[in-house]
Amino acid sequence: MVGMKPGPDSIGIIAVSHNCSGVAARACGLVSLEPTKVAEILKDRPSWYRDCRCVDILHVIPTGNGGTIELIYMQTYAPTTLAAPRDFWTLRYTSGLEDGSLVICERSLTQSTGGPSGPNTPNFVRAEVLPSGYLIRPCEGGGSMIHIVDHVDLDAWSVPEVLRPLYESPKILAQKTTIAALRHIRQIAHESSGEMPYGGGRQPAVLRTFSQRLSRGFNDAVNGFPDDGWSLMSSDGSEDVTIAINSSPNKLVGSHVNSSQLFSAIEGGILCAKASMLLQNVPPALLVRFLREHRSEWADPGVDAYSAAALRASPYAVPGLRASGFMGSQVILPLAHTLEHEEFLEVIRLEGHSLCHDEVVLSRDMYLLQLCSGVDENAAGACAQLVFAPIDESFADDAPLLPSGFRVIPLDAKTDPPSGTRTLDLASTLEVGSGGTTRASSDASSTCNTRSVLTIAFQFSYENHLRESVAAMARQYVRTVVASVQRVAMAIAPSRLGGQLEMKQTPESPEAHTLARWIGRSYRFHTGAELLRADTQCTDASLKALWQHSDSIMCCSLKAAPVFTFANQAGLDMLETTLIALQDISLEKILDDDGRKALCTEYPKIMQQGFAYLPGGVCVSSMGRPVSYEQAVAWKVLSDDDTPHCLAFMFVNWSFV
């Protein structure tokens, strides 16, 4: 078996395939467990393969030499909200060899290989296991030498082109299955040796179960399988955030879990808000590490308090986002980590803070159980993940967990030259129907040197009479988190700024550097003053100066009902939105009555003279927060041939009221 796969590259001791059908990886390792124990662990795929939803052994046939033939149906989770999950129908053969070795071989049963046809589950895409398996040799003095070969065809052509690297990457296969299997066996061996200290007085197996439950609960939330009780709520007309509800949550959390705390006698269920997007030039490990260490940059204390109150069976009003108050500091309490530190479990204590006398809940400490993985920047193909769930002070072994969090999966770099780099929100460029069908837009085929898919999912318990309110809060919260993560991604991206801007390359919407030049030149032409103090001959410098300008600068279309087409970072911060969602905001929505009257009065002057100064006032962000500004300047942005292209506004010295 070893060496059968062609053209390996090396990731440590892991070899990955090149130019073969499907994707393949192989590994070899020494562990201090007997072959029969190793075989037992490897066969228990759900215990170590985090993407495995279920394994059903439908038929077992003993063989004459003491081995077995098994017919197996396996379902795996989809890694994002934008592709269908996979299932497998395989034959597995286990046999002992004369030298005491064990061999486990597996291959899909297809029309070409023959055999019975397996279960056909709606919404799953059938993937294929090509000849794969394990050779486990006993070592003198104890222990085993394990050879692992994984070779699968995940039917990459059934997903949009922008997502295909997830299904065509042998490095991702190696991290998720081959390396994961080897690490899990080594972890069990290390725990069995008795040398591993217990975290918080708990057995390693208990802590490992918590990690599995967090990971599985997050996967269940991202996938939202109908047979688990999930169904989609009607949309608010915008497709950027998907809301799913589950009115039979006991089926989801399992009978072994005490769910009475989470779902009281009052009728209720679970609600999940989720979104996926494409990020560029941001290492997944770096982003997840930042989100873990700087929770206050994206989290809302009111939402955390709502989740904590649900555990205490103490009613707490559905929060309005970003209410007055401040984020209490977080304290990270380590619980356990795996042998190679690629995954660690911890308790997060959010120190209490009181917003007002009525909000007693917020004055108490809150706790989260958190799983963080994939933060090694040198691990090729590693998925970085931050998953957390509120817990109460008792932290019982059977405590119910409602995981939320972030998953960032790297996409293999494409070899074609970049045709203009940008950050895309996949939810706006792909349509996902209830049947799992997808369509790629023209934007989705763009290429970039380093890209990753970010998936966000947040779960909340609700009581039936508050379902609509919780749904509205969850949708708004995820949009706020998306905006925060995009700001963080832009801040920590090591690449040049131009790679972060989403600009559709059409005649009506020029590339970012061209628009920056037009904005600066038109401002100078109309007012005689410099807006961008940068070398105008250098397009990157103009764009950077515009993007980092301290005042809020935004452009809107020259239409009867102007909508925004571009904003710099300060403009996005003021509007509390993203470049993707900006096009859904109209100028009229953010101005108050006085602002609209002032604009109507000055509009003819803007059209005739090219600019006007508007008095200071108050406008409203997309999240409904009032924003004050000292003065506003409006001017016509002219293209190279001096035709009006759009209208630009600058809000000077703005701040949230």
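In every chain, residue numbers begin from 1 and rise along the written sequence. Restriction of local features to residues with pLDDT of at least 70 applies here, the model being predicted, together with a cutoff of 80 or more for giving and counting side-chain atom pairs; totals for whole chains, interfaces and linings are based on all residues. Hydrogens and water are ignored here; the side-chain numbers use all heavy atoms of the structure.

For the chain, the name recorded in an unreviewed UniProt entry is START domain-containing protein, with Panicum virgatum as its organism. Quoted straight from UniProt, the Subcellular location (unreviewed entry) entry for the chain says "Nucleus". UniProt positions are given in the numbering used here, feature names are shortened, and annotations may be inferred rather than shown by experiment.

**Quick word on helix H14 (residues 593–609)**
Helix length check: H14, at 17 residues, gives a terminal C-alpha distance of 24 Å against a target of 24 Å (1.5 Å per residue), a fit within 8%. Note that bend, as reported per residue, equals the angle between axes fitted to the 7 residues terminating at that residue and the 7 residues originating from it. Strands are runs of DSSP state E lasting at least two residues, helices are runs of H or I lasting at least four, and both sets are numbered from the N terminus onward. Helix geometry: H14 is bent most strongly at Glu602, by close to 45°, with proline Pro604 lying one to four residues after it. Within H14 the residues assigned to the buried category are Gly595, Ala598, Leu599 and Ile606. We call two residues in contact when some of their heavy atoms are within 4.5 Å. Where H14 is buried, its residues touch helix H13 (587–590), strand E25 (611–620), strand E26 (626–638) and strand E27 (644–652). Of the residues flanking the end of H14, it is Gly610, one or two places downstream, whose phi is positive at about 100°. Multiply 1.5 Å by the residue count of a helix minus one, and that product is the helix's expected span. Relative accessibility thresholds used throughout: buried, under 20% of the residue-type maximum; exposed, over 50%; partly exposed, between the two (1.4 Å probe, protein chains only).

**Topic: the pattern of salt bridges**
If charged atoms from side chains of opposite charge come close, those side chains can pair. Salt bridges are defined by distance alone: a side-chain nitrogen of Lys or Arg within 4 Å of a carboxyl oxygen of Asp or Glu. Tallied over the entire structure, the rule returns 21 salt bridges. Residue Asp228 pairs with Arg53 through a salt bridge whose shortest N-O separation is 3.2 Å. With Asp228 in the loop between helix H4 (204–223) and strand E12 (230–232) and Arg53 in strand E4 (residues 52–62), this residue pair connects regions lying 175 residues apart in the sequence. A salt bridge links Arg92 to Glu70, with the nearest nitrogen and oxygen atoms 2.9 Å apart. Taken together, the residues Arg92 in strand E6 (residues 86–96) and Glu70 in strand E5 (residues 68–76) connect sequence positions 22 residues apart. For Arg92, a relative accessible area of 4% gives the class buried. The class for Glu70 is buried, based on a relative accessible area of 7%. Shared partners join several salt bridges into a network, and the residues in it are Lys43, Glu70 and Arg92.

**A word on the pairing of strand E16 (residues 343–350)**
Here E16 lies mainly inside the structure; 7 of its 8 residues are buried. Being paired, for any two strands, means DSSP has found at least two bridges between them. Between strand E15 (residues 330–337) and E16, which pair antiparallel one after the other, the connecting turn spans 5 residues, and His341 there sits at a positive phi close to 60°. Relative to strand E17 (residues 366–373), E16 runs antiparallel, the two sharing 8 bridges. Paired with Phe344 across the bridge in E17 is Cys372.

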